[in-house]
Amino acid sequence: MKMKLPKDQFLSTVRVGDKGQIVIPKEVRDLFEIEPGDSLLLLADKKKGIAIVGFDGMMDFMSESLRQGRQAREGQGEAGQ
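We now turn to the structure provided with this report.

Each value, and the rule that gives it
- Residues numbered from 1 in each chain as written.
- Predicted model: local features only at pLDDT ≥ 70, side-chain atom pairs only at ≥ 80, totals over all residues.
- Heavy atoms only, no water.
- 1 Å grid on protein atoms, 1.4 Å probe; cavity = no way out; pocket = protein on both sides within 12 Å on 5 of 7 lines; lining within 4 Å.
- Points joined across faces, edges and corners; volume = space filled by probe spheres on them.
- Helix = DSSP H or I, 4+ residues; strand = E, 2+ residues; numbered from the N terminus.
- Nonpolar A, V, L, I, M, F, W, Y, C, P; charged D, E, K, R; others polar.
- Buried < 20%, exposed > 50% of the residue type's maximum accessible area, 1.4 Å probe, protein only.

1. With respect to the layout of surface pockets
Taken as a whole, the largest pocket spans an internal volume of roughly 650 Å³. Looking at the lining of the largest pocket, the elements with two or more residues in it are α1 (26–31), β1 (40–45), β2 (49–54) and α2 (55–79). At five residues, β2 tops the list of elements feeding residues into the lining of the largest pocket. The residue inventory of the lining of the largest pocket, partitioned by class, reads 18 nonpolar, four polar and four charged.

Okay, here's the thing in structure tokens:
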């Protein structure tokens, strides 16, 4: 059964191979512009499941979050003086 989804979404099952590997379907690789050699970040939580995100975008997000956290702490220190 094929479901009709918006063009920016994809639904599929994947099979885990003998070595624990999965294949990311071509449609998903195209949708997210994933190329051979790209790094992906795998996040896992026993209760919530598994997510795979682009590593570069996640690093940018984490850097910005840390920068904003430092700014907030510095602002609190100035307010207490």
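2. Some words on unusual backbone geometry
The residue Glu33 is not glycine, and still its phi comes out positive at about 55 degrees. Mapping Glu33 onto the fold places it in the loop between α1 and β1. By relative accessible area, Glu33 is classed as exposed at 63%.

By themselves, these figures tell us nothing about what the structure is for.
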